[in-house]
Amino acid sequence: QKFIVRCSNRVSVLWREISMLRTLSHYAASCSSGVQQQLLSGACSSVLGSTCSLQPEEFTQWLGRRWASKKQGGSTKNKADSQPKYLGTKMSDGQLAFPGQVLVKQRGTKFHPGHNVGVGSDFTLYSRTVGYVNFRQERVILPGRAATAAKERKYIDILPINNDWSAGYHKKAAEMVARRGQIRQERLGLAAKYGKK
C-alpha cells in the first residue's frame, strides 16, 4: 500500500510538471529563440535533467500546431457558362407546317432534308411548302461504299395535304399561306382594338 501511495504521489507530481511545461511551451511559442531556450532549460531541469541538447521546436512539436482561424474560400471549376442553343426538333410527326417554319435545329445532319424541306447554313431544316411533317428512316448506300455498308439515315418530309402531288399544289399552298396571313392580321387588329394581347 505504501508503494502504491508513493507511485500515485509521483504520478500526480509528474502530471503537474507536465501541465506546467505545456503552459510554458504555449508562452514560449510567441518568444524569440533565445528566450525559449532559457525558459525551457529552467523549467525542464527538474524533469528531464540537462536540457542543453533540447531545442524549442523539438519540445513544442508534440503539442500540435495552431491553424489559421480564418476559414478559406473554396474554388470552383464550373463558373464558365454559355448561352443555350435551343437545339432539337421543333415540330413533331403529323403536325401541319407552313413555309419557313423551322422543323429541326441541329449541329450536323442528324436529320437529313427530304421532300419539300430546305436546309440552312447551320444545318437547320425548314419547311418549303404547306403540308404535314413526316419522319422516316431509310438505308442509304454512300458513293464508293459496298452494298453491305449501307447506313441508316433519318429524313424529314413535308407531305402535301390530301396527298396532292399535282403540279397545281404550289398554287393552292400559296393561297393557304395568304389566307393564313389574312386571318392573323384580322386577329391582331381585334387585339389592338380591344386591348387584348
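Residues numbered from 1 in each chain as written. Predicted model: local features only at pLDDT ≥ 70, side-chain atom pairs only at ≥ 80, totals over all residues. Heavy atoms only, no water.

Time to look at the sheet that holds strand S7 (residues 131-140). Pairing within the open sheet is mixed, and its four strands lie in the order S2-S7-S8-S4. The sheet is open, and its two borders are formed by strand S2 (96-97) and strand S4 (111-113), each paired with just one other strand. Inspection of the sheet shows S7 paired to strand S8 (residues 151-159) by nine bridges, in the antiparallel sense. Looking at S8, one finds that Arg139 is bridged to Glu152. (Pairing = 2+ DSSP bridges. Helix = DSSP H or I, 4+ residues; strand = E, 2+ residues; numbered from the N terminus.)

Looking now at unusual backbone geometry. Positive phi is not limited to glycine here, since Tyr86 has a value of about 55°. Take Tyr86: it is sitting in the loop between helix H3 (56-59) and strand S1 (88-89). Here Asn116, not a glycine, exhibits a phi torsion of approximately 60°, which is positive. Topologically, Asn116 is positioned in the loop between S4 and strand S5 (117-119). Relative accessible area serves as the criterion here: at 23%, Asn116 is assigned to the partly exposed category. (Buried < 20%, exposed > 50% of the residue type's maximum accessible area, 1.4 Å probe, protein only.)

Read from one edge of the open sheet, four strands run S1-S3-S6-S5, paired in antiparallel fashion. Where the open sheet ends on each side, the last strands, each with one partner, are S1 and S5. One ladder, built from two bridges, connects S1 with strand S3 (residues 102-105); its direction is antiparallel. Its bridge partner being in S3, Thr89 is matched across the sheet by Val104.

Here the focus is the confidence of the model for the protein chain. Low-pLDDT portions of the prediction should not be read for the details of their coordinates. Averaged over every residue, the pLDDT of the protein chain is 79; residues scoring 70 or more account for 62%. Within the model, the stretch residues 50-54 combines pLDDT values under 50 with 11 contacts to residues more than four positions away or in other chains. (pLDDT = per-residue confidence, 0-100. Contact = heavy atoms within 4.5 Å.)

Let's shift gears to the pairing of S7. When S2 meets S7, the two strands line up antiparallel, connected through two bridges. Its bridge partner being in S7, Leu96 is matched across the sheet by Tyr132.

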